[in-house]
Amino acid sequence: MIPLLRNARHRLLAENRLTRYLAYAVGEIVLVVVGILIALQINNWSDTRKDRQKELVHLANIRADLVANIAAMDRTLEVRTARIAAARRILDHFNGKPIEDASAFNADGIGIYNWERFYLGDNSYQELVNSGNFALLRNHAIKDQLLDIQALYRRMKGEEDHYRFDTETALYKPLYETMDTEALVADYEYAASGGRSGRKGAVDAATFEAYLRNRTLKNGFMMTILEYGTMNAQMEELRRRCRTLIEAIDAKPSAVESAPQVFGRVTPVWPWYLPPRSL
């Protein structure tokens, strides 16, 4: 096309037909501009398509983290609910109920002393933020839910720090001052190993007489019930939000994005739930 216009331009100049020459010159400029605009449009669509594929990979990774987190929270809630029940049983003995099974009483206490923090698996979220790709998420509801989950997790960690302080001051310190922990560990180890290690009969009801007179320990178990209840409520809310976010990700449409028609062809975007193709 360009060589034909160039030949026509030379012919018009030779014939001294300036008006027609200018018209052809303008036509050449328009043709070049249109070509540049088409190239820019194709390039922009290609960049958008690449960003879309990156977004879908991030969403798939975040979804996998959410599923793993829900399973971990299920286990943690089960353990902490059992710890609340154990603390209630211990408080019954502080309030006068005789100890009939010293090993069971000891096991309840050790289970509470040996508490564990919960850690949210958010590697995919952190990678998304630290790489500067958070803006790739086009769904604002999903972005808001991710931020809400992180904010709630920070509040949970604050409550765990609070409980950690209480266990150190109201459980660990008076326990170490009052009890012979070697006997407690030997009894617990015997029960946990099925008699393969530890020592049978290392504790009895008399072992815990001074223990049950310690008001700080009693208050520590009372705080265990209250604070585990608070942490469980926060975790149940976090689990609910994780499930809601999974539903939002699963509901995200896999519609074909509008693509520029080049020579009559339209290239669709790969469905989000399939592994991305190499570009």
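Residues numbered from 1 in each chain as written. Predicted model: local features only at pLDDT ≥ 70, side-chain atom pairs only at ≥ 80, totals over all residues. Heavy atoms only, no water.

### Brief notes about the overall build of the chain
No. 1: Within the chain, the regular secondary structure consists of eight helices and zero strands.
No. 2: The N-to-C order of helical and strand elements in the chain reads α-α-α-α-α-α-α-α.
No. 3: Taken across its 279 residues, the chain has 38% of its residues classed as buried.
No. 4: Pairs at least 24 apart in sequence give 77% of the contacts found in the chain among residues at least 6 apart.
No. 5: Carbon and sulfur atoms make up 55% of the accessible area of the chain, which amounts to about 16,400 Å² in all. (Helix = DSSP H or I, 4+ residues; strand = E, 2+ residues; numbered from the N terminus. Buried < 20%, exposed > 50% of the residue type's maximum accessible area, 1.4 Å probe, protein only. Contact = heavy atoms within 4.5 Å. Areas by Shrake-Rupley, 256 points an atom, 1.4 Å probe, with all protein chains shown as cover.)

### Remarks on the packing of aromatic side chains
No. 1: For the structure shown, the criterion picks out 11 aromatic pairs.
No. 2: Ring geometry for Phe 105 and Tyr 211: centres 5.7 Å apart, planes at 80°, overall edge-to-face. Of this pair, Phe 105 sits in helix H3 (residues 102–113) while Tyr 211 sits in helix H7 (residues 209–212), and the two are 106 residues apart along the sequence. Residues Phe 105 and Tyr 211 agree in their burial class; the two are buried.
No. 3: For the pair Tyr 211 and Phe 221, a centre-to-centre distance of 6.4 Å together with 45° between the ring planes defines the contact as tilted. Within this pair, whereas Tyr 211 is found in helix H7, its partner Phe 221 is found in helix H8 (residues 215–250), the two being separated by 10 residues in sequence.
No. 4: When its relative accessible area of 2% is taken as the criterion, Tyr 211 is described as buried.
No. 5: Given the relative accessible area of 0%, Phe 221 is considered buried.
No. 6: By the ring-pair criterion, three or more aromatic residues cluster together here, those being Phe 94, Phe 105, Tyr 113, Phe 208, Tyr 211 and Phe 221.
No. 7: A cation over an aromatic ring shows up here: Arg 80 above the ring of Tyr 228, its NZ or CZ 5.9 Å from the ring centre. (Phe/Tyr/Trp six-rings, centres within 6.5 Å; stacked < 30°, edge-to-face > 60°. Lys NZ or Arg CZ within 6 Å of the ring centre and 35° of its normal.)

### What about the pattern of salt bridges?
If charged atoms from side chains of opposite charge come close, those side chains can pair.
No. 1: Tallying each qualifying case throughout the model produces 14 salt bridges.
No. 2: Among the ionic pairs, Asp 250 bridges to Arg 63, the shortest N-O distance being 2.7 Å. With Asp 250 in helix H8 and Arg 63 in helix H2 (residues 18–94), this pair connects stretches of sequence that are 187 residues apart.
No. 3: Classification of Asp 250 by relative accessible area gives partly exposed; the value is 38%.
No. 4: Note that Arg 117 and Asp 161 form a salt bridge whose closest N and O atoms lie 2.9 Å from each other. (Salt bridge = Lys/Arg side-chain N within 4 Å of Asp/Glu carboxyl O.)

### Some details on the confidence of the model for the chain
No. 1: Within the chain, residue pLDDT values average 83, and 74% of them lie at 70 or more.
No. 2: Predicted confidence is poor over residues 254–279, with pLDDT under 50, and the contacts of this stretch with residues over four places away or in other chains come to 41 contacts. (pLDDT = per-residue confidence, 0-100.)

### Digging into the nonpolar core
No. 1: One finds Ile 112, Phe 208, Tyr 211 and Phe 221 to be the most contacted residues of the largest nonpolar core, which totals 28 residues.
No. 2: Only H2, H3, helix H5 (140–178), helix H6 (181–192) and H8 provide two or more residues apiece to this core.
No. 3: For this core, the leading source of residues is H2, giving six residues.
No. 4: With sequence-adjacent residues up to four places away left out, Ile 112 is seen in contact with Arg 83, Ala 86, Ala 87, Ile 90, Tyr 163, Leu 171, Phe 221 and Thr 224.
No. 5: Membership of the second largest hydrophobic core comes to 26 residues, among which are Ala 72, Phe 118, Ile 142 and Cys 242. (Core = buried A, V, L, I, M, F, W, Y, C linked by side-chain atoms within 4.5 Å.)

### Here we look at H6
Because an α-helix packs 3.6 residues into every turn, residues spaced three or four apart end up facing the same way.
No. 1: The terminal C-alpha atoms of H6, which comprises 12 residues, lie 16 Å apart, in line with the 16 Å expected from a rise of 1.5 Å per residue.
No. 2: Buried residues belonging to H6 abut H3 and H5.
No. 3: Near the N-terminus of H6, the side chain that reaches the backbone nitrogen of Glu 182, with its oxygen 3.1 Å away, is that of Asp 180. (Expected span 1.5 Å × (residues − 1). Polar contact = N/O pair within 3.5 Å; in protein donor to acceptor, adjacent residues only side chain to side chain.)

### Re the side chain of Thr 76
No. 1: Note that Thr 76 resides in helix H2.
No. 2: For Thr 76, a relative accessible area of 18% translates into the label buried.
No. 3: Excluding anything up to four places from it in sequence, Thr 76 contacts Phe 118 and Met 235.

### Brief notes about H5
No. 1: Counted at 1.5 Å a residue, the expected span for H5 with its 39 residues is 57 Å, and the 56 Å between its end C-alpha atoms agrees.
No. 2: Thr 167 marks the point of greatest bend in H5, at about 35°.
No. 3: N-capping of H5 is provided by Asn 139, with a side-chain oxygen placed 2.9 Å from the backbone N of Ala 141. (Bend = angle between axes of the 7 residues up to and from the residue.)

### Details of the packing of H3 against H6
No. 1: Interhelical geometry of H3 versus H6 gives an angle of 105° and a closest axis separation of 10 Å. Overall, the two elements H3 and H6 adopt an arrangement that is roughly perpendicular. Taking contact as the criterion, the partners of Ser 103, Asn 106, Ala 107 and Ile 110 in H3 are, on H6, Leu 184, Asp 187 and Tyr 188.
No. 2: Taken together, the residues that form the contact of H3 with H6 break down as four nonpolar, two polar and one charged. (Axes fitted to C-alpha atoms, helices over the stretch in contact; angles between N-to-C directions. Parallel < 35°, antiparallel > 145°, perpendicular 65-115°, else oblique. Nonpolar A, V, L, I, M, F, W, Y, C, P; charged D, E, K, R; others polar.)

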